[in-house]
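# Observations on the model geometry
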Amino acid sequence: MKKFVLALCVIAASVSQAFPLDMSRDIDTATAKLMPKVVEWRRHLHQYPELSNREVKTAKFVADHLRKLGLEVRTGVAKTGVVGILKGSQPGPVVALRADMDGLPVTERNSLPFASKETADFNGQKVGVMHACGHDTHVAMLMGAAEVLTGMKDKIKGTVVVIFPPAEEGPPAGEPGGAPDRGGGRVRRPPGGPAGRGRRGRRGHELRGGRCLPERDRRQSVVLHSFDRLPGRWRSVLADSLQ
């Protein structure tokens, strides 16, 4: 997890040229110091997952953290989404970092102390809820990256936007939302299972029985977006915020 928090910070720095080239060591040191908190956040998020378009407590958890850091925060974006804006000390490019927030309608079956025992209604059925696709980890890592970058705010030339969109896994039937696929449509699960069977999601991996496979593809959910490639509703929100 430490490597991915570090990677988010370094990617933001390298793509936007927002930091001096010698900042990587400082970023590494700050990330190592922060890791116990990141692990704690991840376990909390794992224990209390929420389904797509229902990420109310998760959004509050994220927004409260960003506000404590002093970021400009917008909530209720695309229903439950959160945007945090970190403006550097000097003008420059805008870089956006993203982490999805929603869990899956999957029952967790293990004895971990932070295992989810949450349940919810999904398409008329009572289901277990679990972070079976890594979004708990993604959110915790991006919260960590936001804290590390905030500590270096005076050295940033530009703006870093952290985006926590809802409903990446697809909302309940009949509700708007969900992540766009590569063809510009929406990722939808076929009937018959919580996450479908034999269906390819937008990141190109198989969704089987509520599990997203393989592990390496899960990590692609935390991705760097250039500002002009963000989905339209996010682009307009950021444009309004950055004026």
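Residues numbered from 1 in each chain as written. Predicted model: local features only at pLDDT ≥ 70, side-chain atom pairs only at ≥ 80, totals over all residues. Heavy atoms only, no water.

What follows concerns the overall build of the protein. Counting its secondary structure elements, the protein contains 6 helices and 10 strands. Buried residues in the protein amount to 50% of all 243 residues. The long-range fraction of contacts in the protein, counting pairs at least 24 apart against all pairs at least 6 apart in sequence, stands at 70%. As presented, the protein carries roughly 12,000 Å² of accessible surface, and 51% of it is formed by carbon and sulfur atoms. (Helix = DSSP H or I, 4+ residues; strand = E, 2+ residues; numbered from the N terminus. Buried < 20%, exposed > 50% of the residue type's maximum accessible area, 1.4 Å probe, protein only. Contact = heavy atoms within 4.5 Å. Areas by Shrake-Rupley, 256 points an atom, 1.4 Å probe, with all protein chains shown as cover.)

Inspection of the secondary structure puts Leu86 in strand β2 (residues 81–87). Linking Leu86 and Leu149, residues 63 residues apart in sequence, is a C-alpha distance of 8.3 Å. Non-local contacts of Leu86, meaning those with residues more than four positions away in its chain, are made with Leu71, Leu149, Thr150, Lys153, Ile156, Gly158, Thr159 and Val160.

With that settled, consider the pairing of strand β5 (residues 125–128). Both faces of the sheet carry side chains from a regular strand, because those side chains alternate between them. As paired elements, strand β4 (residues 119–122) and β5 share 4 bridges and run antiparallel to each other. Along β5, the bridge assignment pairs Ala120 with Val127. Connecting the antiparallel pair β4 and β5 is a turn made up of 2 residues, with Asn123 showing a positive phi of about 50°. (Pairing = 2+ DSSP bridges.)

With 16 residues, helix α4 (residues 135–150) should cover 22 Å at 1.5 Å per step; its first-to-last C-alpha distance of 22 Å lies within 8% of that length. Counting buried residues in α4 gives 15 out of 16 residues, a clear majority hidden from the surface. (Expected span 1.5 Å × (residues − 1).)

Moving on: the pattern of salt bridges. When charged atoms on two side chains of opposite charge get close, those side chains can pair. Within the structure shown, the criterion is met by 8 salt bridges. The partner of Lys37 in a salt bridge is Glu147, with the nearest N and O atoms 3.0 Å apart. On the criterion of sequence distance, the pair formed by Lys37 in helix α2 (residues 24–47) and Glu147 in helix α4 is long-range, its members being 110 residues apart. Classification of Lys37 as partly exposed rests on a relative accessible area of 37%. Its salt-bridge partner being Asp136, residue Arg42 comes within 3.0 Å of it at the nearest N-O pair. Here Arg42 is found in helix α2, whereas its partner Asp136 is found in helix α4, with 94 residues between them in sequence. (Salt bridge = Lys/Arg side-chain N within 4 Å of Asp/Glu carboxyl O.)

With that out of the way, let us pick up the nonpolar core. Of all hydrophobic cores here, the largest spans 31 residues; its most connected members are Val62, Leu66, Val82, Val139, Leu142, Val162 and Phe164. Listing elements by their share of this core, those giving two or more residues are α2, α3 (56–69), β2, α4 and β6 (157–164). Counting 6 residues, the second-largest nonpolar core is a separate cluster that includes Ile85, Ala96, Val161 and Ile163. (Core = buried A, V, L, I, M, F, W, Y, C linked by side-chain atoms within 4.5 Å.)

Moving on to the environment of Asn110. The topology assignment puts Asn110 in the loop between β3 (90–98) and β4. A polar contact of 2.7 Å, which involves the side chain of Asn110, links it to the side chain of Glu108. At a separation of 3.0 Å, a polar atom in the side chain of Asn110 contacts the main-chain amide nitrogen of Leu112. (Polar contact = N/O pair within 3.5 Å; in protein donor to acceptor, adjacent residues only side chain to side chain.)

Right, let's talk about the confidence of the model for the protein for a bit. Low-confidence regions, as indicated by low pLDDT, have predicted coordinates that should not be scrutinised in detail. When the pLDDT values of the protein are averaged, the result is 75; 64% of them are 70 or greater. Within the model, pLDDT remains below 50 along residues 181–231, and this stretch shows 112 contacts once partners closer than five positions in the same chain are excluded. Counting interchain partners and residues more than four positions distant, the pLDDT-below-50 stretch residues 233–239 has 25 contacts. (pLDDT = per-residue confidence, 0-100.)

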